[in-house]
Structure formats: structure tokens, C-alpha cells
Amino acid sequence: MHYLLFYEKAPDYAERQKPWQAAHLDYLQKLAGQGSLILGGSLENPNDGSAILLFDAPSLDIVESHAKNDPYVTHGIIAKWHVRKWDTVVGSDIS
């Protein structure tokens, strides 16, 4: 099943994210290497600190656990996040 994880960075994220950036990206690379994280990235136009990550996981709980353990979340760089199940109907990786 596909899930979208929506991130909203804290208003002061630009000043505070640098010390945690490598750990955050390493964590996401690990999830991608395990096959759980399919795609992830920041949204632009406007660049407001929003990001979306696409997961292929057996349950919502697993994706929520991934979010809770992200260094950006644990260190307050992400102010808000939520997960939504994505009912994919077209494409090569429908689940």
C-alpha cells in the first residue's frame, strides 16, 4: 500500500536544520535502501518548508513510526506531519 507523509518545517527551520541535515538524509536513504521509501523531497514555488515522502508499506503504523524516528522530527525541525493512505490506481507500482 502507498502512503504519503506530509512534512511542514518549523518557521525557524533554516537556522536550525544544518546540524541534523546529514542524519535526516542518512535516515531517509536507509529507508529507501530497505524499499519502504520510494520518493521524497521538498516542494517549491513557494519554497515554504513543505515536503512529501512516498512510502510503500504494509500499514499506516509503519509510516508513522518512520516519521517519529526521523531526526528532523525528533529535533523539532518538522513542526507538523501527517500520513495519508494513497489509493493508487494507475502506474507501474500500483499497490
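Every chain's residues receive numbers from 1 upward, in the order its sequence appears when written. Whole-chain, interface and lining totals are the exception, using all residues; otherwise, since this is a predicted model, local features are given only for residues with pLDDT of at least 70 and side-chain atom pairs are given and counted only at 80 or more. Heavy atoms throughout the structure, all of them, feed into the side-chain values; hydrogens and water do not.

Undergrad: Is there a simple way to think about the layout of surface pockets in this case?
TA: To find leftover empty space, a probe the size of one water molecule is rolled over the atoms. Taken as a whole, the largest pocket spans an internal volume of roughly 310 Å³. A 1.4 Å probe that fits but cannot get out identifies a cavity on a 1 Å grid over protein atoms alone, an open set with protein on both sides within 12 Å along at least five of seven lines counts as a pocket, and a residue lines either if it has an atom within 4 Å of a point. Lining of the largest pocket is provided by 19 residues; of these, His24, Leu25, Leu28, Gly40 and Gly41 occupy positions nearest its centre. Numbering of helices and strands starts at the N terminus; helices are DSSP runs of H or I of at least 4 residues and strands are runs of E of at least 2. Among the secondary structure elements, those contributing two or more residues to the lining of the largest pocket are strand S1 (2-9), helix H2 (18-33), strand S2 (37-42) and strand S3 (50-56). Under the grouping applied here, Gly and all other residues not named as nonpolar or charged are polar, the nonpolar ones being Ala, Val, Leu, Ile, Met, Phe, Trp, Tyr, Cys and Pro and the charged ones Asp, Glu, Lys and Arg. By residue class, the composition of the lining of the largest pocket is 11 nonpolar, 7 polar and 1 charged. Grid points are joined across faces, edges and corners, and a volume is the space filled by probe spheres set on the points.

Undergrad: How should I be thinking about the nonpolar core in this particular structure?
TA: One broad trend across soluble globular proteins is that nonpolar side chains are buried collectively. Ranked by internal contacts, the top residues of the largest apolar core, which has 19 residues, are Leu5, Tyr7, Leu53, Phe55 and Val63. Where this core is concerned, the elements lending two or more residues are S1, H2, S3, helix H3 (60-68), helix H4 (71-74) and strand S4 (78-86). Buried Ala, Val, Leu, Ile, Met, Phe, Trp, Tyr and Cys residues that are joined via side-chain atoms within 4.5 Å together make up what is termed a nonpolar core. For the exposure calls, accessible area comes from a 1.4 Å probe over protein chains only, and a residue counts as buried if that area is under 20% of its type's maximum, exposed if over 50%, partly exposed in between.

Undergrad: So what exactly am I meant to see when it comes to the pairing of S1 here?
TA: Judged by how many residues are buried, S1 sits mostly within the fold: 6 of 8 residues are covered. Where S1 and S3 come together, 7 bridges link them in antiparallel fashion. When the sheet's bridge partners are listed, Leu5 is paired in S3 with Leu53. In this structure, S1 lies alongside S4, joined through 8 bridges in antiparallel fashion. Paired with Tyr7 across the strands is Trp81, a residue of S4. For two strands to count as paired, DSSP must find a minimum of two bridges between them.

Undergrad: Explain the sheet that holds S1 to me, please; I cannot follow it from the model alone.
TA: Either a parallel or an antiparallel arrangement is found when strands of a sheet pair, and the pairing is made through backbone hydrogen bonds. Read across the sheet, 4 strands follow the order S2-S3-S1-S4 without closing on themselves; strand pairing throughout is antiparallel. The open sheet has two edge strands, S2 and S4, and neither has a second partner. Strand-to-strand twist in this sheet, taken as the mean axis angle between neighbours without regard to direction, amounts to 15°. Running at roughly 150° to S2, H2 makes contact with S1, S2 and S3 of the sheet. Residue contacts are defined here by distance: any two heavy atoms, one from each residue, within 4.5 Å place the two residues in contact. Axis lines are fitted through C-alpha atoms, for helices just across the contact stretch, and the angle between N-to-C directions can take any value from 0 to 180 degrees. Contacts from H3 reach S1, S3 and S4, with the element oriented near 160° to S4.

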